[in-house]
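# Topology and contacts: notes
Next come the chains, spelled out residue by residue.
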Amino acid sequence: MAILVFGSINEDVIIPLERRPAAGETVLGSEVTLGQGGKGANQAAAAAAAAGVEVRMVGAVGADGAGNRALQALTVAGVETDLVATLEDARTGTAYVHVTPDGENSIVVVPGANHAVDGTLLGQLQPALSASDVVIVQTEIGSAGADAAAELASGNGARLVLNAAPVIPLTRETYSACDPLVVNEHEARDIAGIDPFVQDPTILAEAVRRVSGARSVVVTLGAKGCIVFDANKQYLVPGESARVVDTTGAGDVFVGTLAARLALGDQLERAATSANAAGARAVTWQGAREVIPAHATSRGSTC
Ligand code: RIB
């Protein structure tokens with residue numbers, strides 16, 4: 001089974017903080033670590049962890065040290081990188097990740113080379129794209145890239161899993177091809193135009209499905225699990241509890257695992273159960289990607 005991931009590749013600059021600064025305030029961080037990141041690359045690595053799927057990444061990095069490290073880490077994670085462009089005139093995307101002791105994060109992304117993933121680049125890559133069973137797209141690459149990738153997926157008859165993180169303008173065609181559209185509660189509110197005081201996730205999921213026109217919708221709810229809206233039926237897929245160290249990238253592990261299970265033939269509800277379990281595990285390690293010691297396996301990622 002083949003998965004193609006169109007998306008962002010970042011180097012994460014991780015700064016643990018006691019608390020986030022208010023506007024105009026300065027706080028001290030304890031240390032700085034570099035980690036592998038980018039929603040696209042994280043999702044690709046998570047999908048590649050499933051046995052029986054081949055994962056290929058489509059994206060762009062700069063011709064710099066961060067780009068080299070990102071490509072190497074993807075390869076170690078079992079992801080094919082032959083369709084990742086290395087650009088001389090752009091820097092590899094950088095994400096500044098602040099993590100507080102409760103494991104919550106806030107992230108600022110400077111996209112750099114990621115914004116070169118547009119229709120023109122995809123057009124150049126098209127001859128090298130083979131049919132894939134599932135295409136994963138997220139939106140850190142920008143509207144032009146995400147719409148072009150979705151169009152390519154539809155044209156190839158692939159199943160489109162779109163993670164609207166962050167929420168950006170996308171065409172009606174892109175939304176209606178999603179099967180599923182995956183969003184967290186904030187993103188769901190943005191898409192549906194619903195007030196923050198509406199807390200009922202079933203109302204959110206219903207509204208996202210109606211407004212987006214997506215074939216199916218998954219709204220992730222953190223430890224509570226997720227709401228799946230499929231074939232006009234809605235159900236809660238309960239989550240698993242875990243000791244939270246760092247929530248960074250847990251949503252990406254959810255999406256990558258969900259897509260892998262769909263590619264392997266699971267129904268959406270069953271795939272969401274596996275994705276919940278993988279997402280719960282992902283909050284127990286530091287950083288967006290699990291660092292597996294080299295002696296434990298040859299398929300782990302490095303930071
Ligand atoms: O979802 C987490 C990811 O978001 C981080 O790895 C960071 O690179 C940003 O893209």
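The preceding data block contains the structure.
Notes on the structure in this doc start here. Starting afresh in each chain, residues are numbered from 1 along the sequence in its written order. This being a predicted model, a pLDDT of at least 70 is required before a residue's local features are given, and a value of 80 or more before pairs of side-chain atoms are given or counted; all residues contribute to the totals for chains, interfaces and linings. Side-chain figures throughout are based on the complete set of non-hydrogen atoms in the structure, without hydrogens or water.

### A few points about the nonpolar core
The biggest cluster of nonpolar side chains holds 48 residues, and the ones touching the most others in it are Phe6, Leu160 and Leu181. Counting from the N terminus, the helices are the DSSP runs of H or I reaching at least four residues and the strands are the DSSP runs of E reaching at least two. Counting residues per element, this core draws most heavily on helix α4 (residues 143–155), which supplies six residues. Note on contacts: a residue pair qualifies if any of its non-hydrogen atoms lie within 4.5 Å across the two residues. The residues touching Leu160, leaving out its near neighbours within four places in the chain, are Val135, Val137, Ala150, Ala153, Thr174, Ala177, Cys178, Asp179 and Pro180. In this description, a nonpolar core means a group of buried Ala, Val, Leu, Ile, Met, Phe, Trp, Tyr and Cys residues linked to one another through side-chain atoms lying within 4.5 Å. Residue exposure (1.4 Å probe, protein chains only): buried if accessible area is under 20% of the type maximum, exposed if over 50%, otherwise partly exposed. Counting 39 residues, the second largest nonpolar core, distinct from the first, contains Ala48, Val55, Ala70 and Leu262.

### Things to note about the environment of Gly279
For Gly279, the location among the structural elements is in helix α9 (residues 268–282). Judged by its relative accessible area of 11%, Gly279 is buried. Sequence-wise, Gly279 and Ile227 are 52 residues apart; in three dimensions their C-alpha atoms are separated by 15 Å.

### Remarks on the site of the ligand
Whether a residue is near a molecule or strand depends on its heavy atoms: it is near if one of them lies within 4 Å of it. What surrounds the ligand is a group of 13 residues, the closest being Asp12, Gly38, Lys39, Glu140 and Asp252. Residues adjacent in sequence count toward polar contacts only when both atoms are side-chain atoms; beyond that, a polar contact is any pair of N or O atoms within 3.5 Å, and within protein one must be able to donate a hydrogen and the other to accept it. Here Asp12 contributes a side-chain N or O atom positioned 2.6 Å from an oxygen atom of the ligand. Within the contact set of the ligand, an oxygen atom lies 2.6 Å away from a side-chain nitrogen or oxygen of Glu140. Contact with the protein chains covers 96% of the free accessible surface of the ligand, which is 280 Å². Structurally, the ligand is housed in the largest pocket. Reported accessibility uses the Shrake-Rupley method at a 1.4 Å probe radius. Residues are deemed covered only where the shown protein chains occlude them. In this analysis a 1.4 Å probe is tested at points of a 1 Å grid over the protein atoms alone, and where it fits but cannot get out there is a cavity; an open set with protein on both sides within 12 Å along at least five of seven lines is a pocket; lining residues have an atom within 4 Å of a point. A molecule is said to be in a cavity or pocket once over half of its atoms fall within 2 Å of that pocket's grid points.

### Structural notes on a nonpolar patch on the surface
Two distance rules govern patches: like charges are joined within 9 Å, and nonpolar side chains (Val, Leu, Ile, Met, Phe, Trp, Tyr) within 5 Å, applied only to residues with over 30% relative accessible area and no salt bridge. Any Lys or Arg side-chain nitrogen located within 4 Å of an Asp or Glu carboxyl oxygen qualifies as a salt bridge. The grouping of Tyr96, Val108 and Val110 at the surface amounts to a nonpolar patch, some 260 Å² of accessible area in total. Summarising the element assignment, Val108 is placed in strand β7 (residues 105–110).

### Here we look at the pairing of strand β11 (residues 216–220)
The element β11 is largely enclosed, with a buried count of five among its five residues. Strand direction decides the pairing type here: β11 and strand β12 (residues 225–230), joined by five bridges, are antiparallel. Each bridged residue has a counterpart across the sheet, and for Val219 the counterpart in β12 is Ile227. For two strands to count as paired, DSSP must find a minimum of two bridges between them. As consecutive antiparallel partners, β11 and β12 are separated by four residues, and within that stretch Gly222 has a phi angle of approximately 65°, a positive value.

### Some words on the pattern of salt bridges
Here the structure, examined in full by the defined rule, presents nine salt bridges. In this structure, Lys39 and Glu140 form a salt bridge, with 4.0 Å as the shortest nitrogen-oxygen distance. Of this pair, Lys39 sits in helix α1 (residues 39–48) while Glu140 is found in the loop between β8 (134–138) and α4, placing the two residues 101 residues apart along the sequence. You can call Glu140 buried: its relative accessible area is 13%.

### A word on α4
If you check α4, its first and last C-alpha atoms are 18 Å apart, about what 13 residues at 1.5 Å a residue would give, namely 18 Å. Within the span of α4, buried status applies to Gly145, Ala146, Asp147, Ala148, Ala149, Ala150, Leu152 and Ala153. Next to the buried residues of α4 lie β1 (2–6), α3 (119–125), β8, β9 (159–163) and α5 (172–177). Where α4 terminates, the next one or two residues include Gly157, which has phi positive at roughly 70°. The span you would expect from a helix comes to 1.5 Å times its residue count less one.

### Re the sheet that holds β9
Strand pairing in a sheet takes place through backbone hydrogen bonds and is either antiparallel or parallel in direction. Spatial strand order, β5-β4-β1-β8-β9-β10-β11-β12-β13: nine strands in an open sheet with mixed pairing. Only two strands of the sheet have a single neighbouring strand rather than two, namely β5 (79–87) and β13 (233–238). Adjacent strand axes in the sheet meet at a mean angle of 15° when their direction is disregarded. Here β12 pairs with β13 via six bridges, running antiparallel. Among the inter-strand pairings, Asp230 is bridged to a residue of β13, identified as Lys233. All axes here are fitted lines through C-alpha atoms, helices being fitted over the stretch that makes contact, and every angle between N-to-C directions spans 0 to 180 degrees.

### Here we look at the sheet that holds strand β2 (residues 10–16)
Overall, mixed pairing links the four strands, which are arranged β3-β2-β6-β7 in an open sheet. Each of the sheet's edge strands pairs with one partner strand only, and the pair in question is β3 (33–37) and β7. Sheet twist, expressed as the average angle between the axes of neighbouring strands with direction ignored, equals 25°. Of the strand pairs in this sheet, β2 and β3 are connected by five bridges, and their pairing is antiparallel. From the neighbouring strand, Asp12 faces β3, where its bridge partner is Gly35. Packed on one face of the sheet, helix α2 (residues 65–76) meets β2 and β3 and runs near 55° to β3.

Such coordinate-based values are descriptive only and should not be taken to indicate function.
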